[in-house]
Structure formats: C-alpha cells, structure tokens
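Geometric and topological summary
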Amino acid sequence: MTLKLYNTLSRKKEEFVPLQDKKVKMYACGPTVYSYPHIGNYRAYVFEDLLRRYLEYKDYDVTLIMNITDVDDKTIKASDGDKSKLLSITRRYEKAFKKGLSVLNVKNADEYPRATETIDEMVELIEELLKKKYAYKAEDGSLYFSIDKYPGYGKENLVHLNPDEMRAGERVSDDEYDKEGAHDFVLWKAWKEEDGDIYWETSLGKGRPGWHIECSAMSMKYLGEELDIHCGGVDNIFPHHENEIAQSEAASGKKFVKYWVHCAHLIYEGEKMSKSRGNIILLEDLIKKYSPEAIRLALLSTHYRSQLDLTDKKLKEAEGSIRKITDFMQTMERIRGEGRFVGPLSAGRPMELHKEFEEALEDDLNISEALSALYRTMRNANILKDEGDIGKEEAGQFLLELDHMNKVLGILPEKETEIDQSVYEMIRQREDARLAKDWALSDKIRDELFEMGYNLEDTPRGTLPKRRK
RNA sequence: GGCGACGUACCCAAAUGGCUAAGGGAAGGGUUUGCAAAACCCUCAUUCACCGGUUCGAAUCCGGUCGUCGCCUCCA
C-alpha cells in the first residue's frame, strides 16, 4: 500500500515517495508568538500530528521541524520596541502554545527553532541571494527579493496568479514603499525608530529579518536544501509559501519541497473567527467544557482539506464518541484480565479491521473512513461480548486493534490504570447478593461503587467495573 | 476583475463512472437485564442544490443556473 497525499503543487493526489528511502524530512509552519493561539491554529497542528503519526505508523523515520516566529511586525508592536519586553512576551506565548500542544496530545517536533536564534543562517541565505542577484538593497537599506528574476513566480508553483493582474498596492504597508517591483517581498527590514532596540547589526546592515526568510533558513539548517513535506494552513499558500519557494530555489538551485500539504481553516459556529466579531476561541476556553480527547477528535474528524465548522454540538458528539471508545477499551481490558472469560468459543477471531483503517488513511488521510473502521471494530467485539462468546485472548486481540488505530489517532490514554482489588471484592459481594436476590444490597453496592468512580456492566460471564470519566 | 473549493438524510460526514449511497449522532421501535447502565437488532436519502448533456450506466464526467465559502502581500 502506498500513501497518497494531495500536493498543492500539482493540485492532485500523488503517491508519497520520500527523497531518501524511509526518511521523511517534514517542516510545519509554526506560530507567531504575539498572543495566545486560538483553536483554529491548533487544528493545523493536530492535522500535522495526524500526518506525522501516520508516517511513523508506516515505519518512516520522520524528522519534524516547526518554527517559532518570535520577531516580526506584530511581536515588535506588542513590545513597544523593547527587546527585553519582546523576549518576555514571546516566551510567554511560546510556552502557552507548547502547553496546548501537549494538552491535545500532539507529539513534539524534533526542534522548535526561534527566528531570533537563526539570524546568522538567515543573513547567510540573503547574502547568497545578493550574490546571485536575486536580492537588491532599496534606498532605506531594506533588502528585497526581485520576483522578475524568478520567472516562475506565481505561475508555476503553488498559486496560479498573474502578478500583473493582482490587485497590488491595496494593502501595501508603509514600510514597503521603495521596492522596485510592486510584488517584491522583503528579506531584511532596515531598522526604523519604532523598532527601538530590537535590531541586529549584521553584514546586511542594522535591522531584522523579514518573515518569509526564516522558514527557508530554518528548514535548510535542520533538514537540508530539499524537503519531503512542508505543511501549513491554506492561508500560507500565498504569499508565504510561494515566497519560500522562490527564495529557497533561487539560493540552492534545487527543488525546495516535494510535497506541499495544506490544511483548510476552521470556523466557529458557522462564522469566521475574528477579533472584530469577538469570537476568537482559545483552547483554554474549550477545556473548561470538554475533555482534551474530545477536542482533539472534533478537530480530527473532518477531513483536513475541508473547512471545519466547529460547533458546540460537534464537540458534545465528540465527547460522546470518546466515552464510547474509552468504555469499550475498558470493557476489553477487564475481559482480558478476568479469569472467567476463558473457555471454548464458537465465534470467529477478531477481524483485522486496522487494515481497513489503514487503507482509508492511505487515501489522503481519509479520516471518516478510518473512524468508520474503528466503530465497526468495536461493534464486532461488542456482539461477541453480548453473546458471552469472547475470551481473554479475543479481548486482547481487539485491544491490539484499538491500540494500532490509537497510535495514529492519539485519542486514548496510553495505558490503563489498575483497578483496586477492593473494587473486585465489592463486586463479588454484590454477586452474592444478586444470587440471593437481595436487590437492595446489590443496588447499594452498585451505588457505592458509582460514588467511588465506577460504572458496572453486567455481562453473561460476569460483572465488569469501568472507571467513569 | 483573477485564482480556487464546496452544496449528499433531522444534524455531522464518506463514497468521484457500475453490486443494496459508509460511519457517527439525534429520533422511534425492539432484544438483553431483577432493575439500571452499556451493548446489540430494526426503522430513518428510489436519491446526492437545480437544469441540460455525454454514456449501456452519473452523486461521481461536461456545460449552464442558483447558493455558500476561501485566497489575490497580517493570518494556521
């Protein structure tokens, strides 16, 4: 089986074949740390995590790099041109960002390089572009990339725009006034008074890097001049990624990225999140009402290339699904550990449904089909359970199936905590009471266990305790 | 104006030329159970925004119409 991914470059699904046998060099655009990340930002990171986990599931050796943009117009504005304030602000939001990733069970990238710590590499790259005449210095000392020198710009790569027909100038900011070409983009921004003490003295002059150059410099630093996968939100396609291609390929003379993979946006309750609407939703807001697993599942359960409308209803549904899955897992755990579930079994072995799960994900990460395979796996097992026709071995196999799928989905706890022996003792007492038809005592014990945090499930082969969430 | 995506049941959401249009949720009915919870079973789109066309055959391809949305130098 081969994974197929939709490549923005070709606008088609393509078979994924890494540049070098089983190694995957993956780069994901990270956050600009000037405020708390909202739930829409996390959708992209959760999607990237799904892709990364699936590649690892397929035994690829993935190296993932994610940048932290800790100096740009917004961060400088937020820190009033005070370098130490810049540091404290960006570190605070970087920390919040990483905390959110861990809450959502997003696996760590191999490196999170910061822009402010990659200045040398960026300068080096810009020097190379100057040498090759792709870059020029404007009157104010800023350096720009000249797209006239790079004929494929906007035509052959990610976007199909005609630079002459673009509505240039509508939102040209004041610090871009002396570019030679209307669409040239800045590589290095010369120092201005409002930048205060936020600047670097380099061979390029006193100033700071432009935004686009950091991703090129960082990816080259950690992954080399050619990458397998570069991902980010669809909004980055133009101009950010188009610019990255231009500057990287101009400097290296090599094809920068083999597969560009972009994630669609998230809207909330049918509306785009924006400051003016006042509907920016932070992870910490949602966490008050929903479990991290449910939030992760809700973010995951719409295909990454479709716009996701996150709603309260959807989150509640996801919460129910998580309960259903964890409940199932616990049932199987108990059966696996329960002595009475041994004996001759007539039904067939568990189906290898993780194969169907895999086949679904092979097709550009078709998550709906994949989740469908998960639900069908659970139903197969539950049918056997209801018929009392499941034993320790089968339960163990179903758990293995579940574990396979969860390696990719990341929506279940890694390991189940032990159930205290006293719980089993109480269950035995309740079973005695039930045999004696002492329903009052039986129900009293059940209530006590409920208070202790357990639901009971009576099956043909005995009672199973399940931890309440 | 240019580039692009989408419109499938009450809701969410797959299937992209061919067996009965996945799966989940909600709803109704039932089985099981001392009761409960959970689970399981049944029902829930002769039809895929609309109109034409191509084809033996279309939700899927082509043309048009209507509607929603994204991008066109802040953005995940």
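Residues numbered from 1 in each chain as written. Chains lettered and ligands numbered in written order. Predicted model: local features only at pLDDT ≥ 70, side-chain atom pairs only at ≥ 80, totals over all residues. Heavy atoms only, no water.

Side note on the protein's contact with RNA strand B
Neighbouring residues of RNA strand B: 51 residues in total, closest Lys74, His183, Trp211, Gly233 and Asn236. The separation between a base nitrogen of RNA strand B and a polar main-chain atom of Leu266 is 3.1 Å. Note that a sugar or linking oxygen of RNA strand B is positioned 3.3 Å from one of the side-chain N or O atoms of Asp327. Class assignment of the residues belonging to the surface near RNA strand B gives a composition of 11 nonpolar, 18 polar and 22 charged. (Near = heavy atom within 4 Å. Polar contact = N/O pair within 3.5 Å; in protein donor to acceptor, adjacent residues only side chain to side chain. Nonpolar A, V, L, I, M, F, W, Y, C, P; charged D, E, K, R; others polar.)

Observations regarding the nonpolar core
The biggest cluster of nonpolar side chains holds 84 residues, and the ones touching the most others in it are Ile39, Leu55 and Ile229. Element by element, the count of residues in this core is highest for helix α1 (residues 39-57), at 11 residues. Each of domain 1 (4-263) and domain 2 (327-409) gives at least three residues to this core. In terms of nonpolar packing, the next biggest core, distinct from the first, is built from 44 residues, Leu187, Ile213, Phe256 and Trp260 among them. (Core = buried A, V, L, I, M, F, W, Y, C linked by side-chain atoms within 4.5 Å. Buried < 20%, exposed > 50% of the residue type's maximum accessible area, 1.4 Å probe, protein only. Helix = DSSP H or I, 4+ residues; strand = E, 2+ residues; numbered from the N terminus. Domains from an automatic or database assignment.)

Points about the domain arrangement of chain A
According to the domain assignment, chain A consists of domain 1 (4-263), domain 2 (327-409) and domain 3 (421-467). Taking only C-alpha atoms, the centre of domain 1 and the centre of domain 2 are 42 Å apart. Buried area between domain 1 and domain 2, summed over both chains or domains, comes out near 1,200 Å², and the portion from carbon and sulfur atoms is 58%. A per-residue breakdown of the area domain 1 buries against domain 2 is headed by Leu50, Tyr54 and Tyr57, which together make up 55% of the total. Linking domain 1 with domain 2 are 2 salt bridges, by the criterion used here. Linking domain 1 with domain 2 are 9 residue pairs in polar contact (both at pLDDT 80 or more), by the criterion used here. (Buried area = accessible area lost by both parts, 1.4 Å probe. Salt bridge = Lys/Arg side-chain N within 4 Å of Asp/Glu carboxyl O.)

A word on the side chain of Asn406
Along the chain, the position of Asn406 falls in helix α12 (residues 392-409). Take Asn406: its relative accessible area is 7%, and that puts it in the buried class. With near-sequence residues (within four places) excluded, Asn406 lies in contact with Arg53, Ile411 and Leu412. (Contact = heavy atoms within 4.5 Å.)

With respect to the packing of aromatic side chains
Counting across every chain of the model gives 16 aromatic pairs. Centre to centre, the rings of Tyr36 and Tyr93 are 4.9 Å apart; their planes meet at 90°, and the pair counts as edge-to-face. Of the two residues, Tyr36 sits in the loop between β3 (23-28) and α1 while Tyr93 sits in helix α3 (residues 83-103), which places them 57 residues apart along the sequence. Taken together, the aromatic side chains of Tyr134, Phe145, Tyr150, Tyr153, Phe185 and Phe238 make up a single cluster linked through ring pairs. Lying across the ring of Tyr199, Lys206 places its NZ or CZ 4.3 Å from the centre. For Arg305, the ring lying beneath its charged end belongs to Tyr6, and the centroid distance is 4.1 Å. (Phe/Tyr/Trp six-rings, centres within 6.5 Å; stacked < 30°, edge-to-face > 60°. Lys NZ or Arg CZ within 6 Å of the ring centre and 35° of its normal.)

With respect to the pairing of strand β9 (residues 205-209)
Inspection of the sheet shows strand β7 (residues 185-190) paired to β9 by 3 bridges, in the antiparallel sense. Looking across to β9, one finds that Trp188 is bridged to Pro209. Here strand β8 (residues 200-202) runs beside β9; their pairing, made up of 3 bridges, is antiparallel. Counterpart to Trp200 in the pairing with β9 is Gly207. Linking two consecutive strands that pair antiparallel, namely β8 and β9, is a turn of 2 residues. (Pairing = 2+ DSSP bridges.)

Observations regarding the pattern of salt bridges
On inspection of all chains with the given rule, the structure shows 36 salt bridges. Put simply, Asp327 and Lys466 hold a salt bridge, and the shortest N to O gap is 2.7 Å. Taken together, the positions of Asp327 in helix α9 (residues 312-337) and Lys466 in strand β15 (residues 462-467) put the pair 139 residues apart, joining distant regions of the chain. Residue Asp327 is classed as partly exposed on the basis of its relative accessible area of 30%. Residue Lys466 is classed as buried on the basis of its relative accessible area, which comes to 5%. Notably, a salt bridge pairs Glu356 with Arg376, separated by 2.5 Å at the nearest N-O pair. A residue pair is termed long-range when its members are at least 10 positions apart, and Glu356 in helix α10 (residues 353-362) and Arg376 in helix α11 (residues 367-386) qualify at 20 residues.

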